[in-house]
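# Topology and contacts: notes
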Amino acid sequence: MCQVQFNIESDLCNVKQNISKMISNKKIVKIVFAVQLTFLPFFMLGQSKTTDIALHKMVQQRTELMFDSLVKIRRDFHTYPELAEEEEGTSKKIAFYLKSLGLEVYTHIGGYGVVGILRTNKKGKRIAWRADIDALESNHSDVVNFSSKNKGVRHICGHDVHTTIALGIAKVLTSLKENLRGTVYFIFQPSEENWVGAKAMIDDGLFDLIDPEEIYALHIGPMSEGIITTKARNPFADYKGIEITFENTKGKKNIIDYTKALFLNLQNVLPDSKFWDNKNLLDPNIGLGNPNTIFKDYLTVNPNIAVKETDNEISVRAYLSAEKETQLELILNQLRMKLKKSRYSAQFLDIKFYKETALVLNDEQLTSETMSSIGEIYGNEHVLPLYGAIPDGRGDDFSLFQRKIPGVYFLLGASNFEKGIISMPHSPNFAVDESCIKTGVNFFSSMIIERLKQ
Ligand SMILES: [Zn+2]
Ligand SMILES: [Zn+2]
């Protein structure tokens, strides 16, 4: 996942207050679980609700036991990061770990992709969990003391954490195999950053090898550690490159000026809007966690409009971004009508999207069911709805898996504002509160257990 880079150093007082509230709530959740379990008579364990509570408690115990080893694994991935299409060492480590758990393991799928299969040999659902494994180019020095030893390459998009959480979930679920039904597929996808890996894995027969009914993934986000969020349909803005072509004629300067103005007039965000400051994404009043967010109903136009000219044609290209997933299609049709009626209708040849990428689209029912089940098990204060859509993102090629299998893409908070840890993907000072590994393994192991039963 990629977002515009920025540094948050400012007053995040409100966010801090929310974190302290969250931390104290977390303690309460743990106490409630402990009390419930102390009074569980053994004969009740056969009953479904009781078994569920006991099973999710076991998830937490197993995660707690393996947490230190998971932190070591994450730090090793962090120290030896590999760029997209070069993840040889990373994939070897993943395959070795999955084999040590006794899973069925397949390697070299679409490059350095790895798949681990956990079969319970009991009837049940088939659920896939995907983690991306590649790192990014960065020459900034690391903010942690286990810094990258691969020059110019760093894990500043959190994929080291994604990979570790997926391994942790695999280990927790394997250890509870006797209590589970169905099949879990763990997909370790290479080359997310350049949008090569998901397509490569699919083209290499991923869905001949595995047959999931649902697919899930997470990405580190800049919210506080302990928080997960997502929304039905698109959590990221839709963005597309749009191109208008005319015959090359004498009055071309007027045509180019007219077309540039046509594009720029589409933008509905004012230049002085708080929209442009990314730290407002987390603002409690106008950020993405508030139903009245300013990151809703927007359409923005990248001001770098390109003009290409041949002897016969002139084409003008702009990059648009919209919160609503269907809006850019509508805009394309409206512009076509406008151009046909314009004074340049005789020269107008074509309008089309010259660049479009699949948008992350969360299945509505699965989003609602999974968010509720995690909230029920771990406390609703950890599961926050997302409103609007994250602007200026390039999304995630997990969307290509979602084109085949319904699923949900979650954001997992990893910031700790009190400690100055800000987990904004792609920012040079990207860091995570490693407690998010525990949160991720707990929440999503439990979520998968609930889905397998469906
Ligand atoms: Zn990224
Ligand atoms: Zn990413």
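Our subject is the structure that appears above.
Now for a look at the structure at hand. (Residues numbered from 1 in each chain as written. Chains lettered and ligands numbered in written order. Predicted model: local features only at pLDDT ≥ 70, side-chain atom pairs only at ≥ 80, totals over all residues. Heavy atoms only, no water.)

### Some points on the pattern of salt bridges
How we decide: Each salt bridge in this description consists of a side-chain nitrogen of Lys or Arg and a carboxyl oxygen of Asp or Glu lying within 4 Å of one another. Each helix is a run of DSSP H or I of at least 4 residues and each strand a run of E of at least 2, with the numbering of both proceeding from the N terminus. The rule is simple: take the accessible area with a 1.4 Å probe, protein chains only, and divide by the maximum for that residue type; under 20% is buried, over 50% is exposed, in between is partly exposed.
Applying the stated criterion across every chain yields a total of 28 salt bridges. When the shortest N-O distance is used, the salt bridge between Lys125 and Glu214 registers 2.4 Å. Taken as a pair, Lys125 in the loop between strand 2 (113-119) and strand 3 (126-132) and Glu214 in strand 7 (residues 214-224) lie far apart in primary sequence, 89 residues in all. The residues Lys125 and Glu214 share a single accessibility class, namely buried. The residue Asp211 makes a salt bridge to Arg126 at a minimum N-O spacing of 3.3 Å. Of this pair, Asp211 sits in the loop between helix 6 (206-209) and strand 7 while Arg126 sits in strand 3, and the two are 85 residues apart along the sequence. The partly exposed category is assigned to Arg126, whose relative accessible area is 27%. Salt bridges sharing partners connect three or more residues here, namely Arg74, Arg75, Asp160 and Glu434.

### Some words on the packing of aromatic side chains
To keep it simple, the criterion reads: Each Phe, Tyr or Trp ring (for Trp, its six-membered ring) is paired with any other whose centre lies within 6.5 Å, and the angle between the two planes then decides the class: stacked below 30 degrees, edge-to-face above 60, tilted in between. Only when the NZ atom of a Lys or the CZ atom of an Arg is both within 6 Å of the ring centre and within 35 degrees of the ring normal do we say a charge sits over the ring.
According to the stated counting rule, one finds 14 aromatic pairs in the structure shown. Measuring from ring centre to ring centre gives 5.0 Å for Phe275 and Trp276, while their planes differ by 85°; the resulting arrangement is edge-to-face. A network of ring pairs unites the aromatic residues Phe207, Phe236, Phe398, Phe401 and Tyr409 as a single cluster. Taking NZ or CZ as reference, Arg317 lies 3.9 Å from the ring centre of Tyr354, over its face. A cation over an aromatic ring shows up here: Lys438 above the ring of Phe67, its NZ or CZ 4.5 Å from the ring centre.

### As for the side chain of Glu87
Put simply, the rule is: Whenever two N or O atoms come within 3.5 Å, that pair is a polar contact, provided that in protein one can donate a hydrogen and the other can accept it, and provided that, for residues adjacent in sequence, both atoms are side-chain atoms. Whether two residues are in contact is decided by their heavy atoms: any pair within 4.5 Å suffices.
Here Glu87 lies in the loop between helix 2 (48-79) and helix 3 (88-100). Of note is the side chain of Glu87, whose polar atom sits 3.2 Å from the backbone nitrogen of Glu85. The contact partners of Glu87, leaving out residues within four places of it in the chain, are Glu82, Tyr112, Ile133, Asp134, Pro190 and Ser191.

### Comments concerning the sheet that holds strand 7
What counts, and what does not: The pairing criterion is simple: DSSP has to find at least two bridges between the two strands. Angles run from 0 to 180 degrees between N-to-C directions of axes, and those axes are lines fitted to C-alpha atoms, restricted for helices to the stretch in contact.
Strand order in the open sheet formed by 8 strands is 1-2-6-3-7-15-8-14, with mixed pairing between adjacent strands. Of all the strands in the sheet, the pair left with one neighbour each is strand 1 (104-109) and strand 14 (383-385). For this sheet, the mean angle separating the axes of adjacent strands, direction not counted, is 25°. Taken together, the 6 bridges between strand 2 and strand 6 (residues 183-189) define a ladder with antiparallel strand orientation.

### Some thoughts on the packing of helix 9 (residues 364-378) against helix 11 (residues 435-453)
What counts here: Geometric relationships in this document are graded by angle, where less than 35 degrees denotes roughly parallel, more than 145 denotes roughly antiparallel, 65 to 115 denotes roughly perpendicular, and other angles denote oblique. For a crossing to be left-handed, the near helix must be turned anticlockwise from the far one by less than a right angle; the clockwise case is right-handed. By the convention adopted, Pro, Cys, Tyr, Trp, Phe, Met, Ile, Leu, Val and Ala count as nonpolar, Lys, Arg, Asp and Glu as charged, and the other residues, Gly among them, as polar.
Their axes nearest at 9 Å, the elements helix 9 and helix 11 cross at an angle of 120°. With respect to their mutual orientation, helix 9 and helix 11 come out oblique. Helix 11 is crossed by helix 9, and the crossing has right-handed handedness. Within the contact between the two elements, helix 9 uses Leu366, Glu369, Thr370, Ser373, Ile374, Ile377 and Tyr378 and helix 11 uses Asn442, Phe443, Phe444, Ser446, Met447, Glu450 and Arg451. Its residues assigned to classes, the contact of helix 9 with helix 11 shows 7 nonpolar, 4 polar and 3 charged.

### Quick look at helix 7 (residues 252-264)
The test is simple: Expected helix span is taken as 1.5 Å per residue step, with the number of steps being one fewer than the number of residues. Relevant arc is that of directions from the helix axis to the C-beta atoms, nothing else.
An ideal rise of 1.5 Å per residue puts 18 Å on 13 residues; helix 7 measures up with 18 Å between its terminal C-alpha atoms. Within the sequence span of helix 7, burial applies to Ile255, Ile256, Tyr258, Thr259, Leu262 and Phe263. The buried residues of helix 7 occupy one face: seen down the axis, they fall within an arc of 165°. The inward-facing, buried residues of helix 7 abut strand 9 (238-247), strand 10 (299-301), strand 11 (306-309), strand 12 (313-322) and helix 8 (327-341).

Note that every value here comes from positions in space, so none of it alone points to a role or purpose.
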